[in-house]
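Chain and residue survey
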Amino acid sequence: MTQCMAKELAPHGITVNAYCPGIVDTRMWDHIDTVRSEAMGREKGAALQAMVETFPLGSQEQPEDVANLVSFLASPDSNYITGQAINVCGGIHMQ
């Protein structure tokens, strides 16, 4: 969809890109961790910690990590980038 929209809008000078976040430290992931930890019969935080330990960068992503990419994509510095889906996930997509 990103590439289709990028092709359609390019003649109008509009770029289209997507960002693909990983496991961001938000209330949503707190809830997911609670449910997963409970299903595993472990205490809250256990499921999330087990995942974070496997991340190549070794820590959970912060909202600012995503915001930095979005700010870049919204800036003139990215004016020749279009049709891209960019992972901002600390490397978890490599697993």
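Cut-offs and rules
- Residues numbered from 1 in each chain as written.
- Predicted model: local features only at pLDDT ≥ 70, side-chain atom pairs only at ≥ 80, totals over all residues.
- Heavy atoms only, no water.
- Helix = DSSP H or I, 4+ residues; strand = E, 2+ residues; numbered from the N terminus.
- Contact = heavy atoms within 4.5 Å.
- Areas by Shrake-Rupley, 256 points an atom, 1.4 Å probe, with all protein chains shown as cover.
- Core = buried A, V, L, I, M, F, W, Y, C linked by side-chain atoms within 4.5 Å.
- Buried < 20%, exposed > 50% of the residue type's maximum accessible area, 1.4 Å probe, protein only.

Right, let's talk about the overall build of the chain for a bit. In terms of regular secondary structure, the chain is built from four helices and two strands. Going from N to C terminus, the chain has its helices and strands arranged as α-β-α-α-α-β. Across its three principal axes, the chain shows a C-alpha extent of roughly 55 × 25 × 20 Å. Contacts in the chain between residues at least 24 apart in sequence constitute 64% of all its contacts with a sequence separation of at least 6. Total accessible area computed for the chain in this model is approximately 6,600 Å², and 56% of it derives from carbon and sulfur atoms.

The next thing to look at is the nonpolar core. Counting residues in each nonpolar core, the largest one holds six residues, listed as I23, W29, L48, M51, V52 and F55. With three residues, helix 3 (residues 46–52) is the single largest residue contributor to this core. Apart from the residues within four sequence positions on either side, V52 is in contact with G58, S59 and Q60. Residues V66, L69, L73 and V88 belong to the second largest nonpolar core, which totals five residues.

This part takes up the environment of V35. Following the sequence through the fold, V35 ends up in helix 2 (residues 27–40). Look at V35 and you get partly exposed, because its relative accessible area is 46%. Put simply, V35 and A47 are twelve residues apart on the chain and 9.0 Å apart in space, counted from C-alpha to C-alpha.

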